[in-house]
Amino acid sequence: MTSSKATLRVGLIGCGGIFRLSHLPSYQALTHLASIVAVSDPHDPNRIEAGTSLGLDAGACFKDPGEMLREMKLDVCVIATPHHLHREQLLAVAHAGVACICEKPLVLENGDLLEVDAAFRASGKDCSVVHNYLYTSGMQAALADLKGESPYFAQTRAVFSKAFPAPANDWRFDRDAGGGALNDTCYHEIYLTEALMGSPVTEVQGRIRSARFGRSADDLVEIHFTHANGQGSNVLVGWCLPSPGAEHFITVYGNDRSWRVAGRGRALTRFDRIGGAWQDVVSSPAFRYMSQWCPRSSGKAERFASVGVGSACTP
């Protein structure tokens, strides 16, 4: 196992939007734990910009991720590419004997998941999917406050008022590329709701559809979950619902108190029957290096780097 005090050598596959918005600032805040030493992207502008931002030599910037895995000595590989590319890239990382953090969803089919799991088990290396919003300060505070509680219902709503019509070249509206509100955004609301309920999902009822955009991928998701403890939760996610901006709320109801997580953990309030009003819950960042602008992945990355490659394979 790599010591948590060692600086991990990270290779990154995919240098597009999520790299610029999340992974780059996250790892720049964690240089004492990990350093991106190589990047791979077939799109020249993305690859060149990433290399320049990281101060990498041209020899550490690759078009082909397979070449990067062969040429560079890596401890961890981060996959931040469109969903339909994950399976092939995950298998390449496993066969190279490198641990991996992959953007969600890990893969698109159950059979692919079993194949990837077998490959990493055979390699003896870890593979972790990015359940990044579990590590925002509001979520960490909510989970701590809910210990010992038995919530009986949760209501989750995430609204994105995406531009209409959607750009023709946006893979997120392409079902074959793994796009859609369910795979791309509702994924976060699902694992957050399950975590707050404190009980795994055992039954799913729902409806997904393209309500407005008319593309192959869904833009409206309505789900009801039954949890192992018999309690329930509802999740609504829409790309097509009119709104002045993105809205994310999860309200969890207990016997005498309720909790509301806003912005996927940017804020947490609590209601108590005795007080009769919602009160702000004071919480500090769950991880020291989680800044206001990159709370999404830095907490996840810090956890992975801090525990050491070889000791954790959880979201």
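Everything below is about the structure printed above this text.
Residues numbered from 1 in each chain as written. Predicted model: local features only at pLDDT ≥ 70, side-chain atom pairs only at ≥ 80, totals over all residues. Heavy atoms only, no water.

Quick look at the sheet that holds strand E6 (residues 127–129)
Heads up, the rule is: A pair of strands is treated as paired once DSSP finds two or more bridges between them. Under the DSSP-based scheme used, a helix requires at least four consecutive residues in state H or I and a strand at least two consecutive residues in state E, with every element numbered from the N terminus.
Strand order across the open sheet formed by six strands is E3-E2-E1-E4-E5-E6, with parallel pairing between neighbours. Since the sheet does not close on itself, it has two edges, and those belong to strand E3 (61–62) and E6, each with one partner.

Things to note about the packing of helix H1 (residues 17–28) against helix H2 (residues 44–54)
How we decide: Working convention: axes come from line fits to C-alpha atoms, limited for helices to the stretch in contact. Angles between N-to-C directions cover 0 to 180 degrees. Here the angle decides the label: under 35 degrees means roughly parallel, over 145 means roughly antiparallel, 65 to 115 means roughly perpendicular, and every other value means oblique. Crossing chirality is assigned from the near helix's rotation relative to the far helix, an anticlockwise turn below a right angle marking it left-handed and a clockwise turn marking it right-handed. Residues are treated as being in contact if the distance between any of their heavy atoms lies within 4.5 Å.
With their axes 12 Å apart at the nearest point, H1 and H2 run at an angle of 25° to one another. Considering the angle they form, H1 stands roughly parallel to H2. Relative to H2, H1 is oriented so that their crossing is right-handed. For the pair formed by H1 and H2, the contact residues are Phe19, Arg20, Leu24 and Gln28 on the first element and Asn46, Glu49, Ala50, Ser53 and Leu54 on the second.

Here's the deal with the pattern of salt bridges
Applied cut-off: Salt bridges, as used here, are contacts in which a Lys or Arg side-chain nitrogen is within 4 Å of a carboxyl oxygen on Asp or Glu.
Enumeration over the complete set of coordinates arrives at 14 salt bridges. In this structure, the salt-bridge partner of aspartate 44 is lysine 63, at a minimum N-O distance of 3.8 Å. A residue pair is termed long-range when its members are at least 10 positions apart, and aspartate 44 in helix H2 and lysine 63 in the loop between E3 and helix H3 (65–71) qualify at 19 residues. Residues arginine 87 and glutamate 115 are paired through a salt bridge, measuring 2.9 Å at the closest nitrogen-oxygen approach. Note that arginine 87 is positioned in helix H4 (residues 86–95) and glutamate 115 in helix H5 (residues 110–123), a separation of 28 residues in sequence.

Let's talk about the sheet that holds strand E7 (residues 153–159)
If you walk across this open sheet you meet the eight strands as E8-E9-E10-E7-E11-E12-E13-E14, and the pairing is mixed. Looking at the sheet topology across the chains shown, the edges are occupied by strand E8 (201–209) and strand E14 (278–280). Strand-to-strand twist across the sheet, computed as the mean angle between neighbouring axes with direction ignored, equals 15°. As defined by bridge partners, E7 adjoins strand E10 (residues 232–238) across seven bridges and the pair is classed as parallel. Looking at the pairing, glutamine 155 lines up with asparagine 234 of E10.

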